[in-house]
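Single-letter residue listing:
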Amino acid sequence: MKDTEDVWEKIFREQFGKEYRKPTLVLFDGAVESACGFQQSATGPFYCPTDEKLYIDLSFIDY
């Protein structure tokens, strides 16, 4: 995730003149309740802009 954040920080700064707000990483297994609603592993990894969190379901990686 660090590499991704470095790339986005550069893009936001150079192309948009703005600061990139780093998401909080949330690891879960099977299902999770986010500010974007209830999600299950079938959704796969997702970003919720409402709470600025990146959700990664560990059981999704096992498939």
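Residues numbered from 1 in each chain as written. Predicted model: local features only at pLDDT ≥ 70, side-chain atom pairs only at ≥ 80, totals over all residues. Heavy atoms only, no water.

J.: Just to check I follow, could you spell out the side chain of E5 for this structure?
T.: With respect to the element layout, E5 can be found in helix 1 (residues 2–16). The buried charged residue E5 lacks any salt bridge partner; its closest oppositely charged side chain belongs to K22, at an N-O distance of 4.4 Å. If we skip the residues at most four places from it in the chain, E5 touches Y20, K22 and P23. (Helix = DSSP H or I, 4+ residues; strand = E, 2+ residues; numbered from the N terminus. Buried < 20%, exposed > 50% of the residue type's maximum accessible area, 1.4 Å probe, protein only. Lys, Arg positive; Asp, Glu negative; His and termini not counted. Salt bridge = Lys/Arg side-chain N within 4 Å of Asp/Glu carboxyl O. Contact = heavy atoms within 4.5 Å.)

J.: I tried to follow unusual backbone geometry on my own but got confused; where do I start?
T.: Where the residue is not glycine, phi is negative for most of them; where a peptide bond is considered, it is trans in most cases. The phi angle at E52 is positive, at roughly 55 degrees, despite the residue not being glycine. A residue is classified by how much of its surface remains accessible, and E52, at 27% relative accessible area, is partly exposed.

J.: What should I look at first to understand the pattern of salt bridges in this one?
T.: Side-chain pairs of opposite charge can arise whenever the charged atoms involved come near each other. Inspection of the entire model under this criterion finds three salt bridges. Its salt-bridge partner being K22, residue E9 comes within 3.2 Å of it at the nearest N-O pair. Of this pair, E9 sits in helix 1 while K22 sits in the loop between helix 1 and strand 1 (24–28); the two residues are 13 residues apart in sequence, bridging distant segments of the chain. Note on E9: relative accessible area 24%, which makes it partly exposed.

J.: Is there a simple way to explain helix 1 in this structure?
T.: Every α-helical turn comprises 3.6 residues, leaving residues that sit three or four positions apart pointing alike. Look at helix 1: 20 Å from first C-alpha to last across 15 residues, which is about the 21 Å you get at 1.5 Å a residue. One or two positions beyond helix 1, positive phi appears at G17, with a value near 65 degrees. (Expected span 1.5 Å × (residues − 1).)

J.: Teacher, can you tell me more about the sheet that holds strand 4 (residues 46–48) here?
T.: Within a beta sheet, neighbouring strands are joined by backbone hydrogen bonds and run either parallel or antiparallel to one another. Read across the open sheet, the three strands follow the order 1-5-4; overall the sheet is mixed. With partners counted over all chains shown, the strands left at the sheet margins are strand 1 and strand 4, one partner each. Ignoring strand direction, the axes of neighbouring strands in this sheet form an average angle of 25 degrees. (Pairing = 2+ DSSP bridges. Axes fitted to C-alpha atoms, helices over the stretch in contact; angles between N-to-C directions.)

J.: Looking at this structure, I do not really get the state of the cysteines. What am I missing?
T.: One covalent bond between the sulfur atoms of two cysteine residues makes up a disulfide. In total, this model carries one disulfide according to the counting rule given. In this model, C36 is linked to C48 through a disulfide, with the two sulfur atoms separated by 2.0 Å. Disulfide C36-C48: torsion about the S-S bond near 90 degrees, hence right-handed. Taken together, the positions of C36 in the loop between strand 2 (31–34) and strand 3 (37–40) and C48 in strand 4 put the pair 12 residues apart, joining distant regions of the chain. (Disulfide = S-S within 2.5 Å.)

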